[in-house]
Amino acid sequence: METILIVDDEPTLLDTLKYNLVKAGYNVRTAEDGLEALQTARTAQPNLILLDLMLPGLDGIEVCRLLRRESDVPIIMLTARDEEIDKVLGLELGADDYVTKPFSLRELLARVKALLRRNEVARTRTLIESEPTSPKGSILRVANLLLDMNQHRASRDGVELNLKPREFELLAFLMLNQGQVFSREQLLDKVWGYEYVGDSRTVDVHVRWLREKIEVDPSDPHLLETVRGVGYRLNGSGK
């Protein structure tokens, strides 16, 4: 049974979410402030966290930042604000999705289910790619980039890159489809999973992170290009 940690300081909402998630078949843990959230996340090792933005003590943004230092657990931010800065900041710090209060319980449950399934698919794919099978097709090369799919390692000009799992998957997909242009929605579908229902701006965030690692000048990218009005492509010639 998958465990979900709900972090919110509103007792009524906390009880409502817990009731509906338990009814949906999940094991549920709860926390009412940031410090308790960190402690519970470390001891319970949840499969997913619903994290309120506005918390006493450590707020949700800080909790998300600290959790991302030690875990890739999927995080859905819960926010009463509808300001762009909150959404973008949450995504930049590693949240996988967000919902704005008040929200539909049906929509939230759908997002939880989709994110858990996406994470399981990603873990399975990583295990398959890590199997020490035939090296044929396991090495990808584009310009000065090299990816070893079996070893799950990436390098630029021979220098190893420290890529997060989703960054690696995004780069691998673009390298496998060098020169092709993909919209944000297509990348969400192909890399994050077809049932992902989050915001397409998470693609922009991961593209920016990748550029910081693979480009000579991230502000003037020549490898991972933006095709205005369409999306992104990996240019094989580089700079």
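Calculation notes
- Residues numbered from 1 in each chain as written.
- Predicted model: local features only at pLDDT ≥ 70, side-chain atom pairs only at ≥ 80, totals over all residues.
- Heavy atoms only, no water.
- Axes fitted to C-alpha atoms, helices over the stretch in contact; angles between N-to-C directions.
- Helix = DSSP H or I, 4+ residues; strand = E, 2+ residues; numbered from the N terminus.
- Parallel < 35°, antiparallel > 145°, perpendicular 65-115°, else oblique.
- Left-handed = near helix turned anticlockwise from the far one by under 90°.
- Contact = heavy atoms within 4.5 Å.
- Nonpolar A, V, L, I, M, F, W, Y, C, P; charged D, E, K, R; others polar.
- Pairing = 2+ DSSP bridges.
- Phe/Tyr/Trp six-rings, centres within 6.5 Å; stacked < 30°, edge-to-face > 60°.
- Lys NZ or Arg CZ within 6 Å of the ring centre and 35° of its normal.
- 1 Å grid on protein atoms, 1.4 Å probe; cavity = no way out; pocket = protein on both sides within 12 Å on 5 of 7 lines; lining within 4 Å.
- Points joined across faces, edges and corners; volume = space filled by probe spheres on them.
- Polar contact = N/O pair within 3.5 Å; in protein donor to acceptor, adjacent residues only side chain to side chain.

Q: Please clarify how the packing of helix H2 (residues 34-44) against helix H3 (residues 60-68) should be interpreted in this entry.
A: Relative orientation and spacing of two packed helices are given, respectively, by the angle between their axes and the distance between those axes. Where H2 meets H3, the closest approach of the two axes is 10 Å, and the angle between their N-to-C directions is 25°. Classified by the angle their axes make, H2 and H3 are roughly parallel. Seen along the crossing, H2 lies across H3 with a hand that is right-handed. Here H2 contributes Gly34, Ala37, Leu38 and Ala41 to the contact with H3, which in turn contributes Val63, Leu66 and Leu67. Taken together, the residues of the contact of H2 with H3 break down into six nonpolar, one polar and no charged.

Q: Please clarify how the sheet that holds strand S2 (residues 27-31) should be interpreted in this entry.
A: Strand pairs in the sheet, formed through backbone hydrogen bonds, run parallel or antiparallel to each other. Reading across the sheet, the five strands line up as S2-S1-S3-S4-S5 and stay open at both edges, with parallel pairing between neighbours. Each edge of the open sheet carries a strand with a single partner, namely S2 and strand S5 (97-100). Recorded for the sheet is a direction-independent mean angle of 20° between the axes of neighbouring strands. Pairing of strand S4 (residues 75-79) with S5, which is carried by four bridges, proceeds in the parallel orientation.

Q: Would you mind going over the packing of aromatic side chains with me for this structure?
A: The relative placement of two aromatic rings is captured by the distance of their centres and the angle of their planes. Taken as a whole and assessed by the stated rule, the structure comprises one aromatic pair. The ring centre of tryptophan 209 lies 4.0 Å from the NZ or CZ of lysine 164, which sits over that ring.

Q: Quick question: what am I supposed to make of the layout of surface pockets here?
A: Empty space left among the atoms is revealed by rolling a probe the size of a water molecule over them. The computed volume of the second largest pocket comes to approximately 160 Å³. Around the second largest pocket, the lining residues are Ala41, Arg42, Gln45, Pro46, Ile49, Leu67, Glu70, Ser71 and Val73.

Q: Explain the side chain of lysine 101 to me, please; I cannot follow it from the model alone.
A: The topology assignment puts lysine 101 in the loop between S5 and helix H5 (105-130). Among the polar contacts listed, one links the side chain of lysine 101 to the side chain of glutamate 10, at a separation of 3.1 Å. Apart from the residues within four sequence positions on either side, lysine 101 is in contact with Asp8, Glu10, Leu13, Asp52, Leu78, Thr79 and Ala80.

Q: Is there a simple way to explain the sheet that holds strand S9 (residues 159-161) in this structure?
A: Taken together, four strands build an open sheet; the order of strands is S6-S7-S8-S9 and the sheet is antiparallel. The outermost strands of the open sheet, each flanked by one partner alone, are strand S6 (139-142) and S9. Across this sheet, the average inter-strand angle for adjacent strands is 25°, counted without regard to direction. Relative to S9, strand S8 (residues 153-156) runs antiparallel, the two sharing three bridges. Each bridged residue has a counterpart across the sheet, and for arginine 156 the counterpart in S9 is valine 159. The strands touched by helix H6 (residues 165-176) are S6, strand S7 (145-148) and S8; relative to S7, the strand with the most contacts, the crossing angle is about 110°.

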